Structures are given as C-alpha cells and as structure tokens.
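Read off the chains here:
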Amino acid sequence: MLIVMHPRCSPEAVAAVEARIRSLGFTPHAIAGEGRTAIGVTGNQSAIDPLPFLAMNGVADAVRVTQPFKLVSREMKDTNTVVMVGDVAIGGGTPCIIAGPCSVESREQILAAAHAVKASGAQLLRGGAYKPRTSPYEFQGLREDGLKLLALAREQTGLGIVTEVKDTESLPLVAEYADMLQVGARNMQNFSLLERVGEQRKPVLLKRGPSAMLRELLMAAEYIVSRGNPNVVLCERGIRTFETASRNTLDINAVPILKSLTHLPVLVDPSHGMGIRKHVPAVARAGIAAGADGLIIEVHPDPDRALSDGAQSLTPEQFAALMKQVRGLSEVLRAG
Ligand code: PEP
Ligand code: MN
C-alpha cells in the first residue's frame, strides 16, 4: 500500500503514520516525489485495510499497490528515478553510454579502450575483472589486478568504472574499486548477492537473466531496493529463444514495458543481445529509439584478439560512428 500525505502535513503526522505501519509489523519507506510526501508499506502478505490510515491526521489517500514488486513499481513512485554514478546521471533524459571491453586483459588494452571510448563521448567505462564464464577453462579475468588496472584507467580518463561482482565473497573488494556494481545475467536470482549489494551504497546495474521474465527482473530489483539501496539500473541484454542466428534475442519489447512498470532507469546491452559485431550498432540504435536510458556496449582496441566476447566487440572506429548516430537519434527523439 502507498500512503499519500497532504502536501503541507506536519512531520509529526508522517511519524505517526510510520509508527502505525511498524506497529502492524510492516516496514514504512519514504518515497521521494515532486512536492508530496508518500510512504510505501512493505512486509504485508495480504491487503491492508486503508480505513484506519485514512482517518489519520495528514493522510490524503491510501492506495493499494497491485504489483508484486512494490518499491520499484510506478504505482509507488510515478517520477523517473535518476541514478547518479559519480556525476554521471542515468535516467535524466540524455542517454548514458557505458563502453569498454568485456574483460580487462592488460594495462595496454584497458588504457587504449578507456581513452578511445572517452574520446568518442562515453560517460562510463565498463570492463570485467571477475568473469562468469560458461566453461571453467576460459579466461576468468585478472581479478584484483584487473580492478587495479580499472582504477588506473579512471585516473587517466576521469571515467567512472562499471564492473561485475560475481559473488558475495569478492563484493567488499570489488565495491572498493567500482563506481557501479554490475550484477550479471547469470546472477540475477542470486538472492544472497542481491541482498548484499542492497546493503551497500554503490549503484547497481542489474542485468536480466537469459530466461527471466520481466516480473522476475523487477522482483530481483526489489530485493536490492528493499535492503536500502535505491540506486538500481535495469539492463535488457537479450534472452534465450529458439533462434540461433544471433547469440541471444534482444527483447526490445522489454524497454517500453519496463519503463511503464517501474520508475528505475533501463539500459540496453546490444553486444550480448546480438553477439555479432557488424549487427550491434543496428540494435543499439533500436534500444535508444525504444526509449532506453542508455547503452552498455563492448568495445575493444583489437577485438579479434580479445580474450572474451571479441566477436561482439566493436572497434573504436565503429564505436565512434555509433556514438554520432546515437547523438543524432536522441536529438530527433527529443524534437518529436
Ligand atoms: C558482460 O557484461 O560481459 C556479461 C558477462 O554480461 P551478461 O551477464 O549479460 O552475460
Ligand atoms: Mn561480455
């Protein structure tokens, strides 16, 4: 349930409502909104009777939230959430572009990638130091050495770092270096990891599982937000279908549907969604056209020699061309 307070109600009235929610064994959550105070209620297994709340001082309305996800739903908060990664805004109206290699491979590679994507206008640098690989014999990432190289790239370019946290054990170390923590597709329902990233303050990029329904993605986001971290960005990265012509099937439908169900920002990952370098720009443009708040794209200085995901990584030149198109596209969309 969402309890909407009168615009000029007293802090005591808000405190009394919160106390009543707690007395019922539920949890109150202050919901930021434009010019109004609202209090979300979680923890109830069945509908709460709104009448006692409506009789309280300062209460304007008590609305049932029908979706199973509560704090992340638009029913609870109708204004778009803007997630800040340092001074970079995700969800603020201008597409945010995160770019860089799939994995951090060497000092030369990550620095070359970082300088190249920065020169083309990317706002954040991606790069995996802990890689979740399908085969245990594939490159697993440089781990802490990779994190140190990312920090060096940040120092040289000023770009904030987005990197994956694979498990709860490595979270404290990864969070020390990262500006934004990526929870990968394979970990979307790793509930202990979701809880832990919800208990710390770094913003989280939550990728959709390859066979997860959008409702499940939103419930995973709810795990993080309900633990106290409201800074969650969702990412559509392609799902598994019967189609084998591309690595995954990028679910463009997810973008407008998620934007209507949640106030959280939504990014598109055309690299994993498509898996084929020459077709990545087309679906990247489609993501922006569908209303995504930005893109996360794999770019490698020498993709054919990449230790992971080379086939889908753009060259710096291809990325520069795509950035021009994205800028042009955003202008057209804004004008419309
Ligand atoms: C990645 O971003 O390199 C990655 C492993 O992505 P996903 O979790 O979407 O497969
Ligand atoms: Mn990858």
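Our structure is the block above this text.
Note that the structure is a prediction, hence the values are computed from the model and not measured.

Thresholds applied
- Residue indices begin from 1 for each chain and proceed along its sequence in written order.
- Here the convention is simple: chains get letters from A, ligands get numbers from 1, in the order in which they are written.
- Only residues with pLDDT of 70 or above have their local features reported here, since the model is predicted, and side-chain atom pairs are shown and tallied only from 80 upward, although totals for entire chains, interfaces and linings are computed over all residues.
- The side-chain figures draw on all heavy atoms in the structure; neither hydrogens nor water molecules are used.
- Exposed residues in this analysis have more than 50% of their type's maximum accessible area, buried residues have under 20%, and partly exposed residues fall in between, with area computed by a 1.4 Å probe over protein chains only.
- Strands are runs of DSSP state E lasting at least 2 residues, helices are runs of H or I lasting at least 4, and numbering of each runs from the N terminus.
- Paired strands, in this sense, are two strands between which DSSP finds at least two bridges.
- Only the contacting stretch of a helix is used when fitting its axis, a line to C-alpha atoms as for every element, and angles between N-to-C directions run 0 to 180 degrees.
- When checking whether two residues touch, look at their non-hydrogen atoms; a contact exists if any pair is within 4.5 Å.
- Think of a 1 Å grid over just the protein atoms. A cavity is a set of points where a 1.4 Å probe fits yet cannot get out, a pocket is an open set with protein on both sides within 12 Å along at least five of seven lines, and lining residues have an atom within 4 Å of a point.
- Grid points are joined across faces, edges and corners, and a volume is the space filled by probe spheres set on the points.
- Amino acid classes used here: Ala, Val, Leu, Ile, Met, Phe, Trp, Tyr, Cys and Pro are nonpolar; Asp, Glu, Lys and Arg are charged; the rest, including Gly, are polar.
- These domain boundaries are the output of an automatic or database domain assignment.
- In this description, a nonpolar core means a group of buried Ala, Val, Leu, Ile, Met, Phe, Trp, Tyr and Cys residues linked to one another through side-chain atoms lying within 4.5 Å.
- In this description, a donor is an N, O or S atom within 2.8 Å of the metal centre, a cutoff extended to 3.2 Å for sodium, potassium and calcium. Water is not part of the atom list, which can make sites seem incomplete.
- We call two directions roughly parallel when the angle between them is under 35 degrees, roughly antiparallel when it is over 145, roughly perpendicular when it lies between 65 and 115, and oblique otherwise.
- Handedness of each helix crossing follows the sense of rotation of the near helix against the far helix: counterclockwise by less than a right angle gives left-handed, clockwise gives right-handed.

Caption draft 1: Expanded view of the pairing of strand E7 (residues 96-100). Burial within E7 is extensive, with five of its five residues counted as buried. Residue alternation in E7 divides its side chains into two sets, Cys96, Ile98 and Gly100 and Ile97 and Ala99, and both sets are buried. Relative to strand E14 (residues 294-298), E7 runs parallel, the two being bridged by five bridges. Bridging from a neighbouring strand, Cys96 pairs with Gly294 of E14. For E7 and strand E8 (residues 124-126), the ladder comprises two bridges, and the chain directions are parallel.

Caption draft 2: Spatial organisation of the sheet that holds E8. Within the closed barrel, the eight strands sit side by side as E7-E8-E9-E10-E11-E12-E13-E14. Their pairing is parallel. On average, each strand axis in the sheet is inclined to that of its neighbour by 25°, with strand direction left out of account. Contacting E8 and strand E9 (160-164), helix H4 (residues 144-157) runs over the sheet at an angle of about 160° to E9.

Caption draft 3: Structural view of the layout of surface pockets. Of the volumes computed, that of the largest pocket is approximately 410 Å³. Looking at the largest pocket, it is lined by 18 residues, and the ones nearest its centre are Thr42, Gly43, Asn44, Pro68 and Lys70. Elements supplying a minimum of two residues to the lining of the largest pocket: strand E3 (36-42) and helix H7 (214-226). Among the elements that take part in the lining of the largest pocket, H7 stands out by supplying four residues, more than any other. In terms of residue class, the lining of the largest pocket is built from eight nonpolar, seven polar and three charged. Residues from two domains meet in the lining of the largest pocket; each of domain 1 (2-63) and domain 2 (83-335) gives at least three.

Caption draft 4: Molecular detail of the nonpolar core. The biggest cluster of nonpolar side chains holds 73 residues, and the ones touching the most others in it are Val197, Leu206, Leu234 and Phe319. The greatest single-element share of this core, amounting to seven residues, is contributed by H7. Every residue in contact with Val197, bar those within four places of it in the chain, is listed here: Val165, Leu171, Leu181, Val183, Val204, Ile224 and Asn229.

Caption draft 5: Structural detail: the coordination of the manganese ion (ligand 2). Each protein donor to the manganese ion (ligand 2) is listed here as Cys102 (SG), His272 (NE2), Glu298 (OE) and Asp309 (OD); together their distances run 2.0 to 2.4 Å. Coordination of the manganese ion (ligand 2) draws on donor residues from a single chain, spaced C-x169-H-x25-E-x10-D in sequence. One end of the pair, His272, is in helix H9 (residues 270-274); the other, Glu298, is in strand E14, and 26 residues separate them in sequence.

Caption draft 6: Focus on the packing of helix H3 (residues 107-120) against helix H11 (residues 316-335). Running from N to C, H3 and H11 cross one another at 25°; their axes reach a closest spacing of 9 Å. It follows that H3 is roughly parallel to H11 by the angle criterion. H3 and H11 meet at a crossing whose hand is right-handed. Facing H3, whose interface residues are Ala116, Val117 and Ser120, H11 presents Pro316, Phe319, Ala320, Met323 and Arg327.

Caption draft 7: Inspection of the environment of Ala38 at higher detail. Relative to the helices and strands, Ala38 resides in strand E3. For Ala38, a relative accessible area of 1% gives the class buried. Along the chain, Ala38 and Leu173 lie 135 residues apart, while their C-alpha atoms are 36 Å from each other. Setting aside chain neighbours within four positions, we find Ala38 in contact with Leu2, Ile3, Val4, His29, Ala30 and Ile31.

Worth remembering: the numbers are spatial, not functional.
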